[in-house]
Amino acid sequence: MTTDNSGDVRLSGIGKTYGSFTAVHPLDLTVPQGSFFALLGASGCGKTTTLRMIAGLEEPSSGTVHLGDQDVTRLPPYKRPVNTVFQSYALFPHLDIFENVAFGLRRRGIKSVKKQVEDMLDLVQLGEQARKKPHQLSGGQQQRVAVARALINHPKVLLLDEPLGALDLKLRRQMQLELKRIQTEVGITFIHVTHDQEEAMTMADTVAVMNAGRVEQLGSPSDLYENPQTTFVANFLGTSNLIEAEVDSKSGDRIILKAGGGKLTLPEARCSAPATAGGKVLVGVRPEKISLTHADDAGDIPEGRNRISGRIADSSFIGVSTQYVVDSPVCPEFEVYAQNIDRDPRLVPGAEVVLHWNPAHTFGLDAAQDIDAGVETVEPEEGVAA
Amino acid sequence: MAAVTEAPAPPAPATPATKPPRRRGRFTPYWLLLPGILWLLVFFALPMIYQGSTSVQTGSLEQGYKVTWHFATYWDALSTYWPQFLRSVLYAAAATLLCLVLGYPLAYLIAFRAGRWRNLVMILVIAPFFTSFLIRTLAWKTILADNGPVVGALNTLHVLDVTNWLGWTAGDRVLATPLAVVCGLTYNFLPFMILPLYTSLERIDGRLHEAAGDLYATPFTTFRKVTFPLSMPGVVSGTLLTFIPAAGDYVNADLLGSTDTRMVGNVIQTQFLRILDYPTAAALSFILMAAILAMVTFYIRRSGTEDLV
């Protein structure tokens, strides 16, 4: 399988401008054969445009698209070995489910489609619905028809444009697993566009986070989460506490930082910005990595951990965990997620606390960026193409 | 502090409405329907009944007409005027077909390609309605005049030789031939074809075209397998809106045709207004109506549009 690269998608310098507006800045991207790749970003970040350029529905203003070794940049969509699952499914309303699924096969002149269509409908568990019209099916069923209609053609690459956007939460979870199962089963390259970071992280092997027409960072979900390279990625994927700090000194492979009168330690390997003494960096830590100790017990905290003192401003109990907002001198809204294993009854709003965490969980970012980039990730489930 | 062990009391059950809903409400829909029903009664049902009774009367203008249930009038009218009936259907069908052939590409362009010019083009389609039907038809007399540019051009291109051979034109003239009548009908009813076509084309989701392209359909196949089937409601209503009035039309045949191109509308008009043979005129009207109803029913059944949308 490693020798077969016919399902590789290679974008070189591909970009799209509409008049003076740049939807996608020239970008280079290689998606290897058989991978589940997600393009993640808020609406309007250029992810759908990128997908449509791969599908041939949008002509790139610059650059080339290769599938395997074939340059498909100038090929019309109907000549590309690529199929798309559209955002609103775009099922043909005048054809029944069977004919919708058979559409691609018939267009390629395949006469005996019955067996293949039935097998495909069984794969998506819609064998019983073959003679119904699309409007007689539920949203989840329509979504599966859209997947079946694309997959039956054995495309080199399957493109999914927010395929789960119109489904409710429970169904969406179910379909995420279903799509992942199908992808593993058929081994086709999937490129998935979504604005839902959880969806991207659950399903994809590799995620590219896009922002304002550029790829901010590319990597495995855990890599992106643990080692964000920009404030946008740090804030867009999950939540990050970002502190502005000054570089004090370096000792071995560690950087010592000054922040709000205290000292913090940051492993040099986890700092994506150049750290020179006296310079500034943004220090980040994820809320679930932090432990919370009441100020009275501060002496029990082991040596060598990063500490910040503060006062609990707010706490909300959400079952498996409790989310605290801590007001500290270095950051007015420090978020801490604590597992509800042994709850300390003294940790209520107003309590003086010490936040502490393993320095290895600290990451450093370039301080020249907007510290709040990518914070607003809550968006309506819009039907507008991003 | 005592723990609250009781859940807050549920809201008191809604007391059943003691007052029955006001009675007037029940009849409101019928009151609203009344003006329309009255209108239909006075201006549609009564005239129909009157025409129906006229068609089975016998007598003469001097001695007055009496209802004698003389159904033979229908048979006489049909056996005398069947050529005009046939001609009406043929001319209307030809005009409808021409309207479809001319109107479909135009409606398609307006719906998918016109962009910001869309409204302007729509106004241009409707613009002829600002002029009287009669004047527009009379204008075609000038356009198709014997020594006008159209006839000249057709002559030079030897198109008239072909149409002469087909029997659509005669001599070196277009005016007073079937071709002129069909042209007039086509021109006058074209907007009735374009508007429903446009409406149904415009409703088609553009992503369906993309989906078809994505599934290996060439642009032509996309049209054949997706766009055209989805525009069928527009095609059916457009052809009906064109065919029905065209089959009963007499103005075009009167102004652009000759005695050889008389349609059933002309016969009815003459019977009513010149010969004053009211029973025959009424019987012809009913035959025309029944024929159109039968054809339309057959057509709608065949096209199966109730399945669409």
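The numbering scheme is per chain: residues are counted from 1 as the chain's sequence reads. Just so you know, chain letters begin at A and ligand numbers begin at 1, following the order they were written in. Since the coordinates come from a predicted model, pLDDT governs what is reported: local features require at least 70, and pairs of side-chain atoms require 80 or more to be given and counted, while whole-chain, interface and lining totals use all residues. Side-chain metrics rest on all non-hydrogen atoms present in the structure, leaving aside hydrogens and water.

(A) A look at the overall build of chain A. Scanning chain A from terminus to terminus reveals eight helices and 20 strands. Residues classed as buried in chain A amount to 51% of the 386 residues present. When contacts within chain A are restricted to residue pairs at least 6 apart in sequence, those whose partners lie at least 24 apart make up 68%. Counting 38 positive and 49 negative side-chain charges, chain A places the averaged centre of each group 8 Å from the other. Strands are runs of DSSP state E lasting at least two residues, helices are runs of H or I lasting at least four, and both sets are numbered from the N terminus onward. The classification of residues rests on relative accessible area computed with a 1.4 Å probe and restricted to protein chains. Under 20% of the type maximum is buried, over 50% is exposed, and intermediate values are partly exposed. The contact definition used throughout considers only heavy atoms, calling two residues in contact when any of these lie within 4.5 Å. Here Asp and Glu are counted as negative and Lys and Arg as positive; His is not counted, and neither are the chain ends. Every charge is mapped onto a representative atom, which is NZ of Lys, CZ of Arg, CG of Asp or CD of Glu.

(B) Summary view of the sheet that holds strand 13 (residues 262-267) of chain A. Residues and elements named next belong to chain A. Read from one edge of the open sheet, five strands run 13-12-11-14-20, paired in antiparallel fashion. This sheet does not close on itself; its edge strands, each paired only once, are strand 13 and strand 20 (363-366). The sheet shows a mean angle of 45° between the axes of neighbouring strands, taken without regard to direction. Any two strands between which DSSP finds at least two bridges are classified as paired. As paired elements, strand 11 (residues 241-251) and strand 12 (residues 254-259) share five bridges and run antiparallel to each other. Paired with S249 across the two strands is I256, which belongs to strand 12. Here the axes come from fitting lines to C-alpha atoms, over the contacting stretch only for helices, and the angles between their N-to-C directions go from 0 to 180 degrees.

(C) Fine view of the packing of aromatic side chains. Within 6.5 Å between ring centres, the rings of Phe, Tyr and Trp (the latter by its six-membered ring) count as paired, and their orientation is classed by plane angle as stacked under 30 degrees, edge-to-face over 60, tilted in between. With the rule as written, the count across this model stands at 17 aromatic pairs over all chains. Where Y104 of chain B meets F228 of chain B, the ring centres are 5.6 Å apart and the plane angle is 45°; that geometry is what we call tilted. A residue pair is termed long-range when its members are at least 10 positions apart, and Y104 of chain B in helix 2 (residues 72-113) and F228 of chain B in helix 9 (residues 219-230) qualify at 124 residues. Of the aromatic side chains, those joined through ring pairs into one cluster are Y104, Y108, F112, F223 and F228 of chain B. The residue whose ring lies beneath R107 of chain A is F103 of chain A, and the NZ or CZ to ring-centre distance is 4.6 Å. Positioned over the ring face of F92 of chain A is R149 of chain A, at 4.9 Å from the centre of the ring. A ring is considered to have a charge above it if a Lys NZ or an Arg CZ atom is located within 6 Å of its centre and within 35 degrees of its normal.

(D) Representation of the sheet that holds strand 15 (residues 291-294) of chain A. All names here are of chain A. Strand order in the open sheet made by the five strands is 15-19-16-17-18, with antiparallel pairing throughout. The open sheet is flanked by strand 15 and strand 18 (334-339), the only strands paired with a single partner. The average angle at which neighbouring strand axes cross in this sheet is 45°, direction not considered. Looking at chain direction, strand 15 and strand 19 (residues 352-357) are connected through four bridges and run antiparallel. What sits directly across from H294, in strand 19, is V353.

(E) How the structure looks around the interface of chain A and chain B. Taken together, the contacts link 24 residues of chain A with 19 residues of chain B. As used here, buried area is the combined drop in accessible area, with a 1.4 Å probe, of two parts when they are placed together. When chain A packs against chain B, close to 2,000 Å² is buried across both sides, 64% of that on carbon and sulfur atoms. Here, a salt bridge means any Lys or Arg side-chain nitrogen found within 4 Å of an Asp or Glu carboxyl oxygen. Run the count over chain A and chain B and you get one salt bridge. One salt bridge in this structure joins E210 of chain B and R52 of chain A, with 2.5 Å as the shortest N-O distance. For this analysis, a polar contact is any N or O atom pair within 3.5 Å, provided that within protein one partner can donate a hydrogen and the other can accept it, and provided that sequence-adjacent residues contribute only side-chain to side-chain pairs. At the boundary of chain A with chain B, the tally comes to seven residue pairs in polar contact (both at pLDDT 80 or more). Broken down by secondary-structure element, the contributors of at least two residues to the side of chain A that touches chain B are helix 1 (47-55), strand 6 (82-85) and helix 2 (97-107) of chain A. Classification convention: Asp, Glu, Lys, Arg as charged; Ala, Val, Leu, Ile, Met, Phe, Trp, Tyr, Cys, Pro as nonpolar; all other residues, Gly among them, as polar. Grouping the constituent residues of the side of chain A that touches chain B by class yields 12 nonpolar, six polar and six charged.

(F) View of the confidence of the model for chain B. When pLDDT is averaged across chain B, the result is 88; 90% of the residues are at 70 or more. Taken over the whole predicted complex, pTM reads 0.80, whereas the ipTM for its chain interfaces reads 0.80. Confidence of the prediction at every residue is given by pLDDT, a number between 0 and 100.

(G) Spotlight on the side chain of D161 of chain A. All names here are of chain A. As for its position among the elements, D161 is in strand 7 (residues 157-161). A polar contact of 3.4 Å, which involves the side chain of D161, links it to the side chain of T48. Ignoring anything within four residues of it in the chain, the contact list for D161 reads T48, L51, V85, F86, Q87 and V193.

(H) Seen up close, the pairing of strand 2 (residues 21-31) of chain A. All names here are of chain A. One ladder, built from seven bridges, connects strand 1 (residues 9-18) with strand 2; its direction is antiparallel. Its bridge partner lying in strand 2, L11 is registered against L29. In this structure, the hairpin formed by strand 1 and strand 2 is closed by a connection of two residues, where G19 is found at a positive phi of approximately 60°.

(I) Looking closely at helix 2 of chain B. The sharpest bend along helix 2 of chain B comes to roughly 70°, located at Y81 of chain B, with the proline P83 of chain B sitting one to four residues further on. In the segment just after helix 2 of chain B, G115 of chain B is the residue with positive phi, at about 60°. The quantity called bend is, for any residue, the angle between two axes fitted respectively to the seven residues ending at it and the seven beginning at it.

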